[in-house]
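Chain and residue survey
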Amino acid sequence: MKQISIALLLCLCTLAGFAQSGKALDLKEIVSGKFTPKNISGVIPIPGDGEHYSQMNADRTQIIKYSFKTGKPVEVLFDAATARECTFKTFDSYSFAPDGSKLLIATETTPIYRHSYTAVHYIYSLKRNLDGKINNIVEKLSDGGPQQVPVFSPDGNQVAFVRDNNIFLVKLLYGNSESKVTEDGKQNSIINSRNLLTGTNGTHSTIICSQRQPVIMSLMKSPHSS
């Protein structure tokens, strides 16, 4: 109700402005959406930064970093046309690791039902070299087929995802080694973590992973922690 009231107030203010300017209001213009307030979509704040946000360009080929203060572009974080070992020309979506050190880029997205989908994901490190430039290398998350609901560990060094109703874990610090966490996944019967959940507990990230009985496994502990 509050949002509707605000939208109505903005619309009335706009119409009042036109009335004061002496320009006659036209019903066709009113119902055409001409006076609908503009909004910004696809804005993703850069984790741990506080001063910048990112957006995908209209062609779905770049991820651009912008300044919150000025709204102007600062740099191109990712460009499919220039990234090394990049096998795709466009992408569908992306997300940051919690510490902002990596991007998870989704391609070949295939809808399943409502909000669920599979996609082929790629890892793109935002680590910079001595010259301050991003290393610019794209790595495929998994060679075993499309993934569902991939999620980073809190330190950004591991990624868990679902495939064929089972959970998999990729360790990025160990050559993207992939391990299968559950074995009993079955279509329309046992759906291991279709809604993959994570939560922090000290240096751990826990995953709720079994449909038949809740099982919490501390799988994503940082390899550098004790």
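The following paragraphs examine the structure supplied in this document. In every chain, residue numbers begin from 1 and rise along the written sequence. Totals for whole chains, interfaces and linings use all residues, but because this is a predicted model, local features are given only for residues with pLDDT of at least 70 and pairs of side-chain atoms are given and counted only at 80 or more. Only heavy atoms go into the side-chain values, all of them from the structure, while hydrogens and water stay out.

1. Quick look at the overall build of the protein chain
Each helix and strand counted, the protein chain has 2 helices and 15 strands in total. Taken across its 226 residues, the protein chain has 35% of its residues classed as buried. In what follows, residue pairs with any heavy atoms lying within 4.5 Å of each other are defined as contacts. When contacts within the protein chain are restricted to residue pairs at least 6 apart in sequence, those whose partners lie at least 24 apart make up 35%. Numbering of helices and strands runs from the N terminus; a helix is a DSSP stretch of H or I covering at least four residues, while a strand is a stretch of E covering at least two. Classification of residues uses two cut-offs on accessible area relative to the type maximum, computed with a 1.4 Å probe and protein chains only: under 20% is buried, over 50% is exposed, and between them is partly exposed.

2. Regarding the sheet that holds strand S5 (residues 93–96)
Strand order in this open sheet of 4 strands is S5-S6-S7-S8, and the pairing throughout is antiparallel. Strands at the two margins of the open sheet, each flanked by one partner only, are S5 and strand S8 (138–140). The average angle at which neighbouring strand axes cross in this sheet is 35°, direction not considered. Pairs of strands are assigned from DSSP output, requiring at least two bridges between the strands. Bridging between strand S6 (residues 102–113) and strand S7 (residues 116–125) involves 9 bridges; their strand directions are antiparallel. Note on S7: the bridge partner recorded for threonine 110 is threonine 118. Note on geometry: axes are lines fitted to C-alpha atoms, helical ones only across the stretch in contact, with angles between N-to-C directions running from 0 to 180 degrees.

3. Details of the pattern of salt bridges
For salt bridges, the criterion is a side-chain nitrogen of Lys or Arg within 4 Å of an Asp or Glu carboxyl oxygen. On inspection of all chains with the given rule, the structure shows 4 salt bridges. Note that arginine 128 and glutamate 75 form a salt bridge whose closest N and O atoms lie 2.6 Å from each other. One end of the pair, arginine 128, is in the loop between S7 and S8; the other, glutamate 75, is in strand S4 (residues 73–79), with 53 residues separating them in the sequence. One salt bridge in this structure joins glutamate 178 and arginine 163, with 3.3 Å as the shortest N-O distance. On the criterion of sequence distance, the pair formed by glutamate 178 in strand S12 (residues 177–180) and arginine 163 in strand S10 (residues 158–163) is long-range, its members being 15 residues apart. Take glutamate 178: its relative accessible area is 34%, and that puts it in the partly exposed class. Overlapping salt bridges, with partners in common, bring together Lys65, Glu75 and Arg128 in one network.

4. Things to note about the environment of valine 76
Position of valine 76 relative to the elements: it lies in strand S4. Taking the relative accessible area as the measure of exposure, valine 76 reaches 40% and is therefore partly exposed. In sequence terms valine 76 and lysine 65 are 11 residues apart; their C-alpha atoms lie 6.0 Å from each other. For valine 76, the contacting residues outside a window of four places in its chain are Gln62, Ile63 and Ile64.

5. Description of the nonpolar core
In this description, a nonpolar core means a group of buried Ala, Val, Leu, Ile, Met, Phe, Trp, Tyr and Cys residues linked to one another through side-chain atoms lying within 4.5 Å. Core analysis: the largest hydrophobic core is formed by 19 residues, its most contacted members being Phe78, Phe88, Leu103, Ile105, Tyr124 and Val138. Of all elements in the fold, only S4, S5, S6 and S7 reach the threshold of two or more residues within this core. Top element by residues in this core is S7. It accounts for 3 residues. Each residue touching phenylalanine 78, except ones within four places of it in the same chain, is listed here: Thr61, Gln62, Ile63, Ala83, Cys86, Phe88, Phe91, Leu103, Ile105, Tyr124 and Val138. By size, the runner-up hydrophobic cluster in this structure holds 10 residues, among which are Ala97, Val159, Val170 and Leu172.

6. Thoughts on unusual backbone geometry
Here the phi dihedral of glutamate 85 falls at roughly 60°; this positive angle occurs in a residue that is not glycine. Here glutamate 85 is to be found in the loop between S4 and S5. Non-glycine residue valine 149 carries a positive phi angle of around 35°. Assignment of secondary structure puts valine 149 in strand S9 (residues 148–152). Taking the relative accessible area as the measure of exposure, valine 149 reaches 33% and is therefore partly exposed.

7. Digging into the pairing of S9
Here S9 lies mainly inside the structure; 4 of its 5 residues are buried. Pairing geometry for S9 and S10, over 3 bridges, is antiparallel. Looking at the pairing, valine 151 lines up with alanine 160 of S10. In this structure, the hairpin formed by S9 and S10 is closed by a connection of 5 residues, where glycine 156 is found at a positive phi of approximately 75°.

8. Looking at the packing of aromatic side chains
Each Phe, Tyr or Trp ring (for Trp, its six-membered ring) is paired with any other whose centre lies within 6.5 Å, and the angle between the two planes then decides the class: stacked below 30 degrees, edge-to-face above 60, tilted in between. The final tally for this structure, using the stated rule, is 8 aromatic pairs. When the ring of tyrosine 53 is compared with that of tyrosine 66, the centres are 5.2 Å apart and the planes differ by 10°; the resulting orientation is stacked. One end of the pair, tyrosine 53, is in strand S2 (residues 52–56); the other, tyrosine 66, is in strand S3 (residues 62–67), with 13 residues separating them in the sequence. Owing to a relative accessible area of 9%, tyrosine 53 belongs among the buried residues under this scheme. The buried category is assigned to tyrosine 66, whose relative accessible area is 16%. Connected via pairs of aromatic rings, a cluster forms that spans Phe78, Phe88, Phe91, Tyr122 and Tyr124. Sitting over the ring of phenylalanine 168, arginine 163 keeps its end group 4.9 Å from the ring centre. Two conditions define a charge located above a ring, namely a distance within 6 Å from the ring centre to NZ of Lys or CZ of Arg, and an angle within 35 degrees of the ring normal.

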